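One letter stands for each residue in the lines below.
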Amino acid sequence: MNAVRLTGPDLTLQDLYAIACQGCPVEIDPAAYQRLAQGRQTMLKLAHQGKAIYGFNRGVGWNKDRGVDEDALELENQKVIRSHALGLPPYNTVEEVRAMMAIRLNNMLIGASCSTDELANRYRDFLNHGITPQVPKRGSVGEADITTITHMGMAFAGEGMVHYRGQLVEARQAIEAEGLPPYRWALKDAHTVMLSNCQGEATTALLLKEAEDLVKMSDLIFCLDYEGLNGNIEAMGEEVNRLRGLPGQMECAARCRRYLEGSYLHEDHPDRALQDPLSFRGGFTITGTVVDALNFVKRILSIQLNSPSDNPCIIPGTDHLYVNSNFETTSLAVGVEMLSIALGHLSRTVNYRLVKMGSPEFTGLTRFLAPRDGSAHGYSTIQNTYSAIDAENRSLINPSSVDFYHMQGGIEDHASNLPLVASRSLQIVDNLRYLVGMEALTAAQAVDLRDNIHLGKYTQIAYDTIREVIPTLSSGRNVFEDIRDAYELVRSGRLLDRIGEV
């Protein structure tokens, strides 16, 4: 497996996913060490000239007015790390923490953070040796994730727990097994470890990956459902969507047209309605809204992955050091909340399609898509389940980026709650897997009841894949198992694997 070279200004999401999800190793671009050295030299020169530098020769937070002697730096670093490691369970996944380490290492390499080479190498070595600190999810307010990602610093020094070779072990045990010494703190390394938004950014990065896959699967199942409805797909036309001009809408309409290549829906049918309910007629416009929100978040996140969050920071190549607020993540947090709202619209739209597919006046099929011989009730009481999930999603889209107190003597009086915002959005995505799974059940059942129709090129693959896992509902079996299996099918990504890149 080829290593991802980290340079500072050009980390892509695809490279980040390779490191986080595929275990790809990393290497540090040699030029980055020169930038780190230049930053350290500038910081030391300014400090020796008497300049007060936050987190180096001055304390942090409310202690910014307290001086730190140069011969006490190791002890001060230890105190900073231990006093700030205050996160609460549950814990981030291994993939999320690997993404955190890669993000923080990458933007350190820009040269603004004044870190030691040894700190950069510690991030690299933990990634490459498969040592993943146990990092709590809760506790950060998103103005740098200072209370959670400090647990990574604890692990670097051999304290706390790590995931190592499939087990949760003491950090010191894993470090010793890999022949690494416990980290010795120097300069302002503790402050560098914690002054990052890498927890919120890593969670957002993985959210983007999961949400993009979900949108594609939702479009695919929506198209199969439309075939079960015998719907009018005129609204998907290229010309009419290009006339509107919304990028996400055009993208999803084009994807749905490809999914439905060769479908009977392109042929005239005497029982087809002139216009379908908006949850069908405009289904691709809703996923298009999700795509537009995803693209906004992706643009802001890409900037943050490749720029420093350090305060103070060195301007690389100069002797200028600035106090700043570059750890601010409100644009990203508000973007993620916009994405959550868009996902909430998708949740409600899927629910309405599920309601319509159980209604004979819309489908011309049996009530709740029950077998014609009466051997089962069909998907009737499932309405309670998807309604409850949608209600949960409705609660999860409530904004939380505006909920904060002022702290540290009133100095830190703004926050974004990015880790919380992103984790709530991830929960919406997971809930939507259940809803899309339930729509897959009803779509396939409606196709079976409609008889003698030819499906689209890709919706046929989707139907066959569903039926490999979940047989036609033709008896009184427990529908709970169907829902569980449909969820697992959606979560696995198998549907997308089967159709390839479309």
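Residues numbered from 1 in each chain as written. Predicted model: local features only at pLDDT ≥ 70, side-chain atom pairs only at ≥ 80, totals over all residues. Heavy atoms only, no water.

### Observations regarding the overall build of the chain
Phase 1 of the analysis: Counting its secondary structure elements, the chain contains 20 helices and nine strands.
Phase 2 of the analysis: Over its C-alpha atoms, taken along the principal directions, the chain stretches across nearly 85 × 50 × 45 Å.
Phase 3 of the analysis: In the chain, buried positions account for 57% of the 502 residues.
Phase 4 of the analysis: Looking at the chain as shown, the accessible area adds up to about 21,200 Å², and 50% of this sits on carbon and sulfur atoms. (Helix = DSSP H or I, 4+ residues; strand = E, 2+ residues; numbered from the N terminus. Buried < 20%, exposed > 50% of the residue type's maximum accessible area, 1.4 Å probe, protein only. Areas by Shrake-Rupley, 256 points an atom, 1.4 Å probe, with all protein chains shown as cover.)

### What to know about the packing of helix α9 (residues 198–229) against helix α18 (residues 457–469)
Phase 1 of the analysis: Contact geometry of α9 with α18 gives a least axis separation of 9 Å together with a crossing angle of 95 degrees. Classified by the angle their axes make, α9 and α18 are roughly perpendicular. Between α9 and α18, the contacting residues are L220, I221, C223, L224 and E227 on the first element and Y458, T459, A462, Y463 and I466 on the second.
Phase 2 of the analysis: Taken together, the residues of the contact of α9 with α18 break down into eight nonpolar, one polar and one charged. (Axes fitted to C-alpha atoms, helices over the stretch in contact; angles between N-to-C directions. Parallel < 35°, antiparallel > 145°, perpendicular 65-115°, else oblique. Contact = heavy atoms within 4.5 Å. Nonpolar A, V, L, I, M, F, W, Y, C, P; charged D, E, K, R; others polar.)

### Quick word on helix α1 (residues 13–22)
Phase 1 of the analysis: Along α1, the residues classified as buried are L13, L16, Y17, A18, I19 and A20.
Phase 2 of the analysis: Residues of α1 that are buried make contact with β1 (4–6), β2 (26–28), α4 (94–108), α5 (117–128), α9 and α13 (283–305).
Phase 3 of the analysis: Count one or two residues on from α1 and you reach G23, which has phi positive near 70 degrees.

### Considerations on the sheet that holds strand β7 (residues 167–170)
Phase 1 of the analysis: The three strands lie next to each other as β4-β6-β7, forming an open sheet whose pairing is antiparallel. Each edge of the sheet is formed by a strand with only one pairing partner; in this case those strands are β4 (131–133) and β7. Ignoring which end each strand starts from, the neighbouring axes of this sheet average 40 degrees apart.
Phase 2 of the analysis: Direction of pairing for strand β6 (residues 161–164) relative to β7: antiparallel, over a ladder of four bridges. Looking at the pairing, M161 lines up with E170 of β7.
Phase 3 of the analysis: Along the sheet, α4 contacts β4 and β6; its crossing angle with β4, the most-contacted strand, is approximately 95 degrees. (Pairing = 2+ DSSP bridges.)

### Quick word on unusual backbone geometry
Phase 1 of the analysis: A cis amide bond links P89 with the next residue in sequence, P90, at an omega value of 0 degrees.
Phase 2 of the analysis: Along the chain, P90 turns up in strand β3 (residues 88–91).
Phase 3 of the analysis: Residue P312 follows N311 across a cis peptide bond; omega there is -5 degrees.
Phase 4 of the analysis: Along the polypeptide, P312 turns up in the loop between α13 and β8 (313–314).
Phase 5 of the analysis: For F368, which is not a glycine, the phi torsion comes out positive at approximately 55 degrees.
Phase 6 of the analysis: With respect to the secondary-structure elements, F368 resides in the loop between α15 (360–363) and α16 (382–396).
Phase 7 of the analysis: Of note, the phi angle at N417 is positive, near 55 degrees, even though the residue is not glycine.
Phase 8 of the analysis: Counting through the fold element by element, N417 comes out in the loop between α16 and α17 (418–450).

### As for the environment of N2
Phase 1 of the analysis: As for its placement among the helices and strands, N2 is situated in the segment before β1.
Phase 2 of the analysis: Along the chain, N2 and E178 lie 176 residues apart, while their C-alpha atoms are 21 Å from each other.

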